[in-house]
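A closer look at the structure
Read off the chains here:
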Amino acid sequence: MIAMQFADGLRVRPMEALPERGENVIYFLTDRRGLREDDVEDCPEVYLTFVYPQENVYLGLTGEAFVIKDAACAEALWDRQEDGWLSGPDDPNLTIIRVELWRAEMWDGPANSAIADFKFAKARLFGIKANLGDTDKVSVEL
(Lines give C-alpha, C1' and ligand atoms only; values in the text may rest on other atoms or scores of the structure.)
Protein backbone atom coordinates (compact mmCIF):
# COMPACT_ATOMS: atom_id res chain seq x y z
CA MET A 1 0.00 0.00 0.00
CA ILE A 2 1.11 3.54 -0.67
CA ALA A 3 -0.18 6.43 1.46
CA MET A 4 -0.04 9.92 -0.06
CA GLN A 5 -1.26 13.32 1.09
CA PHE A 6 -3.67 15.11 -1.24
CA ALA A 7 -5.57 18.41 -0.96
CA ASP A 8 -8.62 16.53 0.34
CA GLY A 9 -6.66 14.43 2.86
CA LEU A 10 -4.65 11.26 3.11
CA ARG A 11 -5.28 8.58 0.51
CA VAL A 12 -4.07 4.98 0.64
CA ARG A 13 -4.13 2.65 -2.32
CA PRO A 14 -2.71 -0.73 -3.26
CA MET A 15 -0.01 -0.61 -5.91
CA GLU A 16 2.55 -3.05 -7.23
CA ALA A 17 6.02 -2.14 -5.97
CA LEU A 18 8.95 -2.47 -8.35
CA PRO A 19 12.07 -2.13 -6.16
CA GLU A 20 15.54 -1.22 -7.31
CA ARG A 21 17.55 -2.42 -4.33
CA GLY A 22 20.88 -1.04 -5.54
CA GLU A 23 19.39 2.44 -5.84
CA ASN A 24 17.37 2.39 -2.57
CA VAL A 25 14.33 3.25 -4.70
CA ILE A 26 10.92 1.76 -5.35
CA TYR A 27 9.03 2.48 -8.57
CA PHE A 28 5.30 2.32 -9.20
CA LEU A 29 3.45 2.44 -12.50
CA THR A 30 0.08 4.12 -12.38
CA ASP A 31 -2.52 5.81 -14.54
CA ARG A 32 -2.07 9.59 -14.75
CA ARG A 33 -5.86 10.01 -14.75
CA GLY A 34 -5.92 8.92 -11.09
CA LEU A 35 -2.91 10.94 -9.93
CA ARG A 36 -2.20 14.60 -10.49
CA GLU A 37 1.50 15.38 -10.76
CA ASP A 38 1.13 18.59 -8.74
CA ASP A 39 -0.35 16.59 -5.83
CA VAL A 40 2.91 14.67 -5.58
CA GLU A 41 4.95 17.87 -5.92
CA ASP A 42 2.90 19.64 -3.21
CA CYS A 43 3.41 16.85 -0.67
CA PRO A 44 6.04 14.36 -1.84
CA GLU A 45 6.43 12.44 1.45
CA VAL A 46 4.88 8.98 1.16
CA TYR A 47 4.52 5.96 3.40
CA LEU A 48 4.64 2.43 2.01
CA THR A 49 3.42 -0.65 3.87
CA PHE A 50 4.05 -4.30 3.13
CA VAL A 51 2.61 -7.25 5.05
CA TYR A 52 3.87 -10.81 4.98
CA PRO A 53 1.08 -12.62 6.87
CA GLN A 54 2.58 -16.12 6.79
CA GLU A 55 5.63 -14.87 8.69
CA ASN A 56 3.71 -12.19 10.66
CA VAL A 57 6.13 -9.53 9.41
CA TYR A 58 5.19 -5.90 8.75
CA LEU A 59 7.37 -3.42 6.86
CA GLY A 60 6.88 0.35 6.71
CA LEU A 61 8.98 2.58 4.45
CA THR A 62 9.06 6.38 4.35
CA GLY A 63 10.37 8.30 1.38
CA GLU A 64 10.00 11.09 -1.12
CA ALA A 65 7.97 10.57 -4.29
CA PHE A 66 8.72 12.02 -7.70
CA VAL A 67 6.72 11.74 -10.91
CA ILE A 68 9.14 10.99 -13.72
CA LYS A 69 8.85 10.80 -17.47
CA ASP A 70 11.44 8.44 -18.89
CA ALA A 71 10.67 6.16 -21.84
CA ALA A 72 13.58 3.78 -21.14
CA CYS A 73 12.59 3.47 -17.48
CA ALA A 74 8.95 2.86 -18.47
CA GLU A 75 10.03 0.09 -20.85
CA ALA A 76 12.22 -1.60 -18.23
CA LEU A 77 9.57 -1.37 -15.50
CA TRP A 78 6.78 -2.54 -17.80
CA ASP A 79 8.59 -5.82 -18.36
CA ARG A 80 8.71 -6.43 -14.58
CA GLN A 81 5.13 -5.67 -13.65
CA GLU A 82 2.38 -8.25 -13.48
CA ASP A 83 -0.72 -6.17 -14.20
CA GLY A 84 -1.76 -5.27 -17.71
CA TRP A 85 -4.21 -2.47 -16.97
CA LEU A 86 -2.59 -0.05 -19.44
CA SER A 87 -1.77 -0.82 -23.05
CA GLY A 88 2.01 -0.76 -22.70
CA PRO A 89 5.05 1.30 -21.76
CA ASP A 90 4.21 3.88 -24.43
CA ASP A 91 0.62 4.38 -23.20
CA PRO A 92 0.09 8.16 -22.85
CA ASN A 93 -1.64 7.59 -19.49
CA LEU A 94 1.29 5.72 -17.95
CA THR A 95 2.89 7.59 -15.07
CA ILE A 96 5.98 6.51 -13.15
CA ILE A 97 6.30 7.28 -9.47
CA ARG A 98 9.82 7.00 -8.09
CA VAL A 99 10.10 6.79 -4.29
CA GLU A 100 13.51 7.52 -2.81
CA LEU A 101 13.57 5.79 0.57
CA TRP A 102 14.56 7.53 3.82
CA ARG A 103 13.54 5.18 6.60
CA ALA A 104 12.49 1.57 7.08
CA GLU A 105 10.73 0.00 10.05
CA MET A 106 10.04 -3.69 10.39
CA TRP A 107 8.02 -5.47 13.04
CA ASP A 108 7.85 -9.19 13.45
CA GLY A 109 5.89 -11.26 15.89
CA PRO A 110 4.83 -14.85 16.42
CA ALA A 111 4.63 -16.58 13.06
CA ASN A 112 1.48 -18.46 14.02
CA SER A 113 -1.47 -16.05 13.95
CA ALA A 114 -3.75 -18.55 15.73
CA ILE A 115 -1.41 -18.50 18.73
CA ALA A 116 -1.27 -14.70 18.68
CA ASP A 117 -5.10 -14.52 18.50
CA PHE A 118 -5.36 -16.90 21.45
CA LYS A 119 -2.90 -14.84 23.52
CA PHE A 120 -4.78 -11.59 22.75
CA ALA A 121 -8.10 -13.20 23.71
CA LYS A 122 -6.59 -14.54 26.93
CA ALA A 123 -5.19 -11.11 27.78
CA ARG A 124 -8.59 -9.44 27.23
CA LEU A 125 -10.35 -12.07 29.28
CA PHE A 126 -7.99 -11.75 32.26
CA GLY A 127 -7.26 -8.01 31.90
CA ILE A 128 -3.54 -8.54 31.37
CA LYS A 129 -1.04 -7.57 28.69
CA ALA A 130 -0.67 -10.11 25.89
CA ASN A 131 2.63 -11.98 26.05
CA LEU A 132 3.49 -12.74 22.45
CA GLY A 133 6.96 -14.02 23.19
CA ASP A 134 9.77 -12.60 21.13
CA THR A 135 8.76 -9.69 18.97
CA ASP A 136 11.12 -7.18 17.41
CA LYS A 137 10.97 -3.75 15.85
CA VAL A 138 13.89 -2.53 13.80
CA SER A 139 14.20 1.01 12.43
CA VAL A 140 16.84 1.96 9.88
CA GLU A 141 17.68 5.32 8.32
CA LEU A 142 18.36 4.76 4.63
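Quick summary incoming for the structure in this document.

Conventions adopted
- Residues numbered from 1 in each chain as written.
- Predicted model: local features only at pLDDT ≥ 70, side-chain atom pairs only at ≥ 80, totals over all residues.
- Heavy atoms only, no water.
- Helix = DSSP H or I, 4+ residues; strand = E, 2+ residues; numbered from the N terminus.
- Buried < 20%, exposed > 50% of the residue type's maximum accessible area, 1.4 Å probe, protein only.
- Contact = heavy atoms within 4.5 Å.
- Arc of directions from axis to C-beta.
- Polar contact = N/O pair within 3.5 Å; in protein donor to acceptor, adjacent residues only side chain to side chain.
- Phe/Tyr/Trp six-rings, centres within 6.5 Å; stacked < 30°, edge-to-face > 60°.
- Lys NZ or Arg CZ within 6 Å of the ring centre and 35° of its normal.
- Salt bridge = Lys/Arg side-chain N within 4 Å of Asp/Glu carboxyl O.

Structural notes on the overall build of the protein
The helix and strand inventory of the protein stands at three helices and eight strands. What you see in the protein, going N to C, is helices and strands ordered as β-β-β-β-α-β-β-α-β-α-β. When burial is assessed residue by residue, the protein has 35% of its 142 residues classed as buried. Partitioning the contacts of the protein with sequence separation of at least 6, the portion at a separation of at least 24 is 67%.

Some details on the environment of Glu-37
Tracing the chain through its elements places Glu-37 in helix H1 (residues 37-42). The class for Glu-37 is partly exposed, based on a relative accessible area of 32%. C-alpha separation for the pair Glu-37 and Phe-66, spaced 29 residues apart in sequence, amounts to 8.5 Å. Excluding its chain neighbours within four sequence positions, the residues that come into contact with Glu-37 are Val-67 and Lys-69.

Considerations on unusual backbone geometry
Most peptide bonds take the trans form, and the phi angle of most residues other than glycine is negative. Despite not being glycine, Asn-24 shows a phi value in the positive range, around 60°. Its relative accessible area of 31% is what places Asn-24 among the partly exposed residues.

What to know about helix H2 (residues 71-80)
Residues Cys-73, Ala-74, Leu-77 and Trp-78 constitute the buried set of H2. Buried residues of H2 fall within an arc of 130° about the axis and therefore sit on the same side. Facing away from the buried side of H2 by over 90 degrees, the exposed positions are Ala-72 and Asp-79. In this fold, the buried residues of H2 make contact with strand E3 (18-20), strand E4 (25-31), strand E6 (57-68) and strand E7 (94-108). Structurally, the start of H2 carries an N-cap: the backbone nitrogen of Ala-72 is 3.0 Å from a side-chain oxygen of Asp-70.

Description of the packing of aromatic side chains
Tallied over the full model, the rule gives zero aromatic pairs. The side chain of Arg-11 reaches across the aromatic face of Phe-6, ending 4.0 Å from its centre.

Section: the environment of Ile-2
Residue position: Ile-2 is located in strand E1 (residues 2-6). Residue classification places Ile-2 among the buried residues on the basis of a relative accessible area of 0%. When sequence neighbours within four positions are dropped, the list of residues in contact with Ile-2 reads Arg-11, Val-12, Arg-13, Met-15, Phe-28, Val-46, Tyr-47 and Leu-48.

Details of the pattern of salt bridges
One pass over the full model with this rule turns up five salt bridges. When the shortest N-O distance is used, the salt bridge between Glu-23 and Arg-98 registers 3.2 Å. Of this pair, Glu-23 sits in the loop between E3 and E4 while Arg-98 sits in strand E7, and the two are 75 residues apart along the sequence. Taking the relative accessible area as the measure of exposure, Glu-23 reaches 41% and is therefore partly exposed. Ionic pairing is found between Asp-31 and Arg-33, a salt bridge with its closest N-O pair at 2.5 Å. Asp-31 sits in the buried class, given a relative accessible area of 18%. Three or more residues joined by partner-sharing salt bridges are found here, namely Glu-23, Arg-98 and Glu-100.

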